[in-house]
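Report on the structure
Take a look at the letters that make up each chain.
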Amino acid sequence: MQHRFALRVYYEDTDLAGIVYYANYLKFIERARSEWVRALGVDQVRLKAESGIVFAVRRVEADYLRPALFDDLLEVETRLVETGGARIVLEQDVLRGPEKLFGARVVLVCLGPEGRAARLPAEVRQLLR
């Protein structure tokens, strides 16, 4: 299961040297994850309203390989690696054409209304299969 999300590097994303500020890669992959979930058919607003379930990042392992620059057209590739009772593991790469600039392994956890880990809802688990 793979999803692609295109984005352009804007001036606000860069530092004085015109290189993407390191923390902005986390924003890029967050946007891509939101679009991946939407493309699966999960309405996160409805899920929270009806069951109190939300997704939170528990862990990120990030590799910064090459700099992205002002005005680059990038693509974030998101791949599902595994699911558990309350977690989802993804790999996400930021690409400029065929060149990999950034890679991350992201562990998401499903949280219930009380802020504790909760099992992935059956409807979400079905969409991830």
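Since the structure is predicted, the reported quantities are computational estimates derived from the model, not experimental observations. (Residues numbered from 1 in each chain as written. Predicted model: local features only at pLDDT ≥ 70, side-chain atom pairs only at ≥ 80, totals over all residues. Heavy atoms only, no water.)

Now for the pairing of strand β1 (residues 2-8). Covered by surrounding structure in β1 are His3, Phe5 and Leu7 only, the residues Gln2, Arg4, Ala6 and Arg8 on the alternate face being uncovered. Here seven bridges tie β1 to strand β3 (residues 73-83), and the two strands are oriented antiparallel to one another. Its bridge partner being in β3, histidine 3 is matched across the sheet by threonine 78. (Buried < 20%, exposed > 50% of the residue type's maximum accessible area, 1.4 Å probe, protein only. Helix = DSSP H or I, 4+ residues; strand = E, 2+ residues; numbered from the N terminus. Pairing = 2+ DSSP bridges.)

With that settled, consider the sheet that holds β1. Read across the sheet, five strands follow the order β1-β3-β4-β5-β2 without closing on themselves; strand pairing throughout is antiparallel. Looking along the sheet, the strands with just one partner apiece sit at the ends: β1 and β2 (54-64). Neighbour-to-neighbour, the strand axes of the sheet open up by a mean angle of 25°, direction not taken into account. (Axes fitted to C-alpha atoms, helices over the stretch in contact; angles between N-to-C directions.)

A word on the UniProt feature "domain: Thioesterase" (unreviewed entry) in the protein chain. In this numbering, the UniProt entry assigns the feature "domain: Thioesterase" (unreviewed entry) to residues 18-100. Measuring from the first to the last C-alpha atom of residues 18-100 gives 19 Å, for a span that is 30% helix and 41% strand. (UniProt positions renumbered as here; feature names shortened; annotations may be inferred.)

Looking now at the packing of aromatic side chains. Within the structure shown, the criterion is met by seven aromatic pairs. Considering the side-chain rings of tyrosine 11 and phenylalanine 70, the 6.1 Å spacing of their centres and the 85° angle between planes classify their relative orientation as edge-to-face. Of this pair, tyrosine 11 sits in the loop between β1 and α1 (24-40) while phenylalanine 70 sits in the loop between β2 and β3, placing them 59 residues apart in sequence. Taking the centre distance of 4.9 Å and the plane angle of 15° together, the rings of tyrosine 25 and phenylalanine 102 count as stacked. (Phe/Tyr/Trp six-rings, centres within 6.5 Å; stacked < 30°, edge-to-face > 60°.)

Judged by nonpolar contacts, the single largest core of 30 residues is most densely connected at Leu74 and Val76. Taken together, the elements giving at least two residues each to this core come down to β1, α1, β3, β4 (87-96), β5 (99-111) and α3 (122-128). Broken down by element, the residue count for this core peaks at seven residues, all from α1. Apart from the residues lying within four places of it in its own chain, the contact partners of valine 76 are His3, Arg4, Phe5, Leu7, Phe28, Ile29, Ala32, Gln92, Asp93 and Val94. (Core = buried A, V, L, I, M, F, W, Y, C linked by side-chain atoms within 4.5 Å. Contact = heavy atoms within 4.5 Å.)

As a further point, take a nonpolar patch on the surface. A cluster of nonpolar side chains, namely Tyr21, Tyr22, Leu26, Val57, Val60 and Tyr64, defines an oily patch on the protein surface of about 550 Å² accessible area. Broken down by element, the residue count for the nonpolar patch peaks at three residues, all from β2. For leucine 26, the location among the structural elements is in helix α1. (Patch = residues over 30% accessible without salt bridge, like charges linked within 9 Å, V, L, I, M, F, W, Y side chains within 5 Å. Areas by Shrake-Rupley, 256 points an atom, 1.4 Å probe, with all protein chains shown as cover. Salt bridge = Lys/Arg side-chain N within 4 Å of Asp/Glu carboxyl O.)

The next thing to look at is unusual backbone geometry. The phi angle at aspartate 71 is positive, at roughly 75°, despite the residue not being glycine. By secondary structure assignment, the location of aspartate 71 is in the loop between β2 and β3.

The subject of this paragraph is the environment of asparagine 24. Looking at the element boundaries, asparagine 24 is found in helix α1. Residues asparagine 24 and glycine 103, spaced 79 residues apart in sequence, show a C-alpha to C-alpha distance of 13 Å. In this structure asparagine 24 touches Glu12 and Asp13, once residues within four positions along its chain are discounted. From its side chain, asparagine 24 meets the backbone oxygen of aspartate 13 in a polar contact 2.9 Å long. (Polar contact = N/O pair within 3.5 Å; in protein donor to acceptor, adjacent residues only side chain to side chain.)

Further remarks concern the pattern of salt bridges. One pass over the structure, following the stated rule, counts 18 salt bridges. Between aspartate 71 and arginine 8 there is a salt bridge, with its nearest N and O atoms 3.9 Å apart. Taken together, the positions of aspartate 71 in the loop between β2 and β3 and arginine 8 in strand β1 put the pair 63 residues apart, joining distant regions of the chain. The shortest N-O distance in the salt bridge between arginine 105 and glutamate 91 comes to 3.3 Å. Remark: glutamate 91 occurs in strand β4 and arginine 105 occurs in strand β5; sequence separation between them is 14 residues. On the basis of relative accessibility, which here comes to 29%, the residue arginine 105 falls in the partly exposed class. Residue classification places glutamate 91 among the partly exposed positions, given a relative accessible area of 29%. One network of salt bridges, with partners in common, ties together Arg4, Glu75, Glu77, Arg79, Glu82, Arg87, Glu91, Asp93, Lys100 and Arg105.

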